[in-house]
Amino acid sequence: MLFFLFFVLVIDKEKDYNELKLTKLCLERNIPYLGICRGSQILNVASGGTPYQDIGEELLQKCPQDRSVTYMNYDDYDDYDGHRHMIKLVENTPLHHWFKESMDKKTMGIFVNSYHHHQGVKQLAKRFVPMAFAPDSLIEGFYDPEI
């Protein structure tokens, strides 16, 4: 068990193994896969990408203060909607098309929650194309253009 700031991070090797194995099976059999948060990170790793193991240590400390995003832990549900940051959508991607009407036209952005980002995409697998970035350059969404 590892301690990180004020919460306990439990590494579940069995869960990691099973999710990675299932994701690889989906990819091998061309079964559609929608990955949200941890699911997208598993999908990226299963496809040859790499994760930031600790965004705070690996990304945020190198990021200029004006582009830094504060990621919150799950312990503040009373102000769930108060912890958001803007992501910039990449033009001509599915995410851009889905949110075209509701995004901020000047920034090409939408707001997303900032809860519990401990890990994230470091190197995106070659098969994927990014769809959105946080101000700190973290990839917030990606897709496979071949599917």
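Residues numbered from 1 in each chain as written. Predicted model: local features only at pLDDT ≥ 70, side-chain atom pairs only at ≥ 80, totals over all residues. Heavy atoms only, no water.

Peer 1: Account for unusual backbone geometry, naming residues and giving values.
Peer 2: At Cys37, a residue that is not glycine, the phi angle is positive and equals roughly 60°. Positive phi values are uncommon outside glycine, yet Met108 reaches one of about 55°. Note that Met108 resides in the loop between α4 (94–99) and β5 (109–113). Here Met108 falls in the buried class, since its relative accessible area comes to 15%. (Helix = DSSP H or I, 4+ residues; strand = E, 2+ residues; numbered from the N terminus. Buried < 20%, exposed > 50% of the residue type's maximum accessible area, 1.4 Å probe, protein only.)

Peer 1: Summarise helix α2 (residues 38–46); cite the residues concerned and give the values.
Peer 2: Counting buried positions along α2 gives seven out of nine residues, so the element sits mostly inside the fold. Among the residues of α2, those classed as buried are Gly39, Ser40, Gln41, Ile42, Leu43, Asn44 and Ala46. Of the surrounding secondary structure, the elements contacted by the buried residues of α2 are α1 (13–28), β3 (50–52), β6 (120–123) and β8 (139–143). Looking one or two residues past α2, Gly48 carries a phi angle of roughly 105°, positive in sign. (Contact = heavy atoms within 4.5 Å.)

Peer 1: How would you summarise the packing of aromatic side chains if you had to cite specific residues and measurements?
Peer 2: Across all of its chains, the model carries one aromatic pair by this definition. Ring centres 4.8 Å apart and planes at 45° place the aromatic pair Phe128 and Phe142 in the tilted group. Remark: Phe142 occurs in strand β8 and Phe128 occurs in the loop between β6 and β7 (129–133); sequence separation between them is 14 residues. The class of Phe142 is buried, set by a relative accessible area of 13%. (Phe/Tyr/Trp six-rings, centres within 6.5 Å; stacked < 30°, edge-to-face > 60°.)

Peer 1: Residues and numbers for the side chain of Ser40, please.
Peer 2: Along the chain, Ser40 turns up in helix α2. With residues up to four places along the chain from it excluded, the contact list for Ser40 reads Gly35 and Phe142.

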